[in-house]
Amino acid sequence: MRYLLGNWKMNMSLSQIDKFTDGIEQLKPNIFVGVAVPSIYYAYCYKLKQKMSVGLQNVSEYVSGAYTGEISAGMLEDVQADFCLVGHSERRQYFGETDARVNSKLKMLLSKNILPVLCVGETLEQYEANETRKVLNEQLTQGLAGITATDDFVIAYEPVWAIGTGKTATETEIDSTCGYIKEIVKQILGKANIAVLYGGSVKSTNSAGIVNLPNVDGALVGGASQNADEFIKILNTFK
Ligand code: PGA
């Protein structure tokens, strides 16, 4: 399966969602297309959900109870969310999400059969210190602790320095790093062919060269997913 996922982050309004939904027409049948929306708008996206998958950007690591402001995996199941991001770099950077917490969240989603999209990636500092593989190895080893080969999830490789900056890694770097992630997941879980998406300043002008790389199974798109025309243009670059 190949994937085109959007991440609206803390953006969009009711009227912008209407405009986006109206702008979505024909999708590609063999590609999983979806957007991760702000949770308060999830229910409003019922019309969009008739056209594409709709997911969330975060989930609680707790089951239920006195956790003010949190949303549980059981609630995601209840509203039939199609997928959920876990461990996005902004969650790691601004909300103290450690690999251990990311691992708990991943397990919560799996227990409710919500498809997790596990986000991993190195910071600029780590990239410049040539630590990309070491960092990914750590994030995956800890993030996937206790997960089994039969569990269904997707990985998004997003170099932190490429998110929202207009900078993308080179196609050679992207392909070899996504290939490395597949190898590590195979070593950890014995699971071959895990889907690995690339994220970080993907737009219609650069996506053709990225999403069709041999080790890349699609894209996780931030800024460029807020506009239906641009999002569909990206989808049309999938061969
Ligand atoms: P960007 O964001 O496409 O705006 O760089 C990607 C992401 O954070 O998922």
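Just so it is clear, the structure is predicted and the values come from calculations on it, not from any experiment. (Residues numbered from 1 in each chain as written. Predicted model: local features only at pLDDT ≥ 70, side-chain atom pairs only at ≥ 80, totals over all residues. Heavy atoms only, no water.)

Novice: Give me the lowdown on the site of the ligand, citing residues and values where you can.
Specialist: Neighbouring the ligand are 13 residues; Lys9, His88, Glu158, Gly164 and Ser201 lie closest to it. Separating an oxygen atom of the ligand from a side-chain N or O atom of Lys9 is a distance of 2.7 Å. Separating an oxygen atom of the ligand from a backbone N or O atom of Gly223 is a distance of 2.9 Å. Bound to the protein, the ligand loses 95% of the 280 Å² it would expose on its own. (Near = heavy atom within 4 Å. Polar contact = N/O pair within 3.5 Å; in protein donor to acceptor, adjacent residues only side chain to side chain. Areas by Shrake-Rupley, 256 points an atom, 1.4 Å probe, with all protein chains shown as cover.)

Novice: A description of the pairing of strand β5 (residues 115-120) should follow, citing residues and the corresponding values.
Specialist: A large share of β5 lies buried, amounting to 6 of its 6 residues. Burial along β5 is two-sided: Leu115, Val117 and Cys119 and Pro116, Leu118 and Val120, pointing in opposite directions, are all buried. Where strand β4 (residues 83-86) lies against β5, 4 bridges are found, and the strand directions are parallel. Bridge pairing in β5 links Cys84 to Pro116. As paired strands, β5 and strand β6 (residues 154-157) are joined by 4 bridges and run parallel to one another. Among the inter-strand pairings, Leu118 is bridged to a residue of β6, identified as Ile155. (Buried < 20%, exposed > 50% of the residue type's maximum accessible area, 1.4 Å probe, protein only. Helix = DSSP H or I, 4+ residues; strand = E, 2+ residues; numbered from the N terminus. Pairing = 2+ DSSP bridges.)

Novice: Got a sec to walk through helix α6 (residues 132-143)? Specific residues and values, please.
Specialist: Helix length check: α6, at 12 residues, gives a terminal C-alpha distance of 16 Å against a target of 16 Å (1.5 Å per residue), a fit within 8%. What α6 keeps buried is the set Thr132, Val135, Leu136, Gln139, Leu140 and Gly143. Viewed along the axis of α6, the buried residues span an arc of 125 degrees, placing them on a single side of the element. Against α3 (89-94), α4 (99-111), β5, α5 (124-128), β6 and α7 (171-189) lie the buried residues of α6. (Expected span 1.5 Å × (residues − 1). Arc of directions from axis to C-beta. Contact = heavy atoms within 4.5 Å.)

Novice: An account of the packing of aromatic side chains is needed here, citing residue identities and associated values.
Specialist: Scanning all chains against the criterion turns up 8 aromatic pairs. Plain terms: the ring middles of Tyr3 and Phe32 are 5.3 Å apart, the flat faces sit at 45 degrees to each other, and that makes the pair tilted. Taken together, the residues Tyr3 in strand β1 (residues 2-7) and Phe32 in strand β2 (residues 31-37) connect sequence positions 29 residues apart. The pair Tyr3 / Phe32 is uniform in exposure class, with both members buried. (Phe/Tyr/Trp six-rings, centres within 6.5 Å; stacked < 30°, edge-to-face > 60°.)

Novice: Lay out helix α9 (residues 228-235) with the relevant residues and their values.
Specialist: In terms of burial, α9 is a largely internal element, 6 of the 8 residues being buried. Listing the buried residues of α9 in full gives Ala228, Glu230, Phe231, Ile232, Ile234 and Leu235. Where α9 is buried, its residues touch β1, α1 (14-23), β2, α8 (207-211) and β8 (218-221). Sitting at the head of α9, Asn227 places a side-chain oxygen 3.0 Å from the backbone nitrogen of Asp229.

Novice: Explain the pairing of strand β7 (residues 196-199) to me, using residue names and the numbers behind them.
Specialist: The two faces of β7 match: Val196 and Tyr198 on one face and Leu197 and Gly199 on the other face are all buried. The sheet contact formed by β6 and β7 spans 3 bridges and is parallel. Bridged to Ile155 within β7 is Val196. When β7 meets β8, the two strands line up parallel, connected through 2 bridges. Among the inter-strand pairings, Gly199 is bridged to a residue of β8, identified as Leu220.

Novice: Explain a nonpolar patch on the surface to me, and be specific about the residues and the numbers.
Specialist: Nonpolar side chains collect at one region of the surface, where Leu14, Tyr44 and Tyr46 lie side by side and expose about 290 Å² of accessible area between them. For Leu14, a relative accessible area of 41% corresponds to the partly exposed category. (Patch = residues over 30% accessible without salt bridge, like charges linked within 9 Å, V, L, I, M, F, W, Y side chains within 5 Å. Salt bridge = Lys/Arg side-chain N within 4 Å of Asp/Glu carboxyl O.)

Novice: Describe the environment of Cys45, with residues and values.
Specialist: Summarising the element assignment, Cys45 is placed in the loop between β2 and β3 (53-56). The exposure class of Cys45 is buried, given its relative accessible area of 0%. The sequence separation of Cys45 and Leu14 amounts to 31 residues, and the corresponding C-alpha distance is 9.1 Å.

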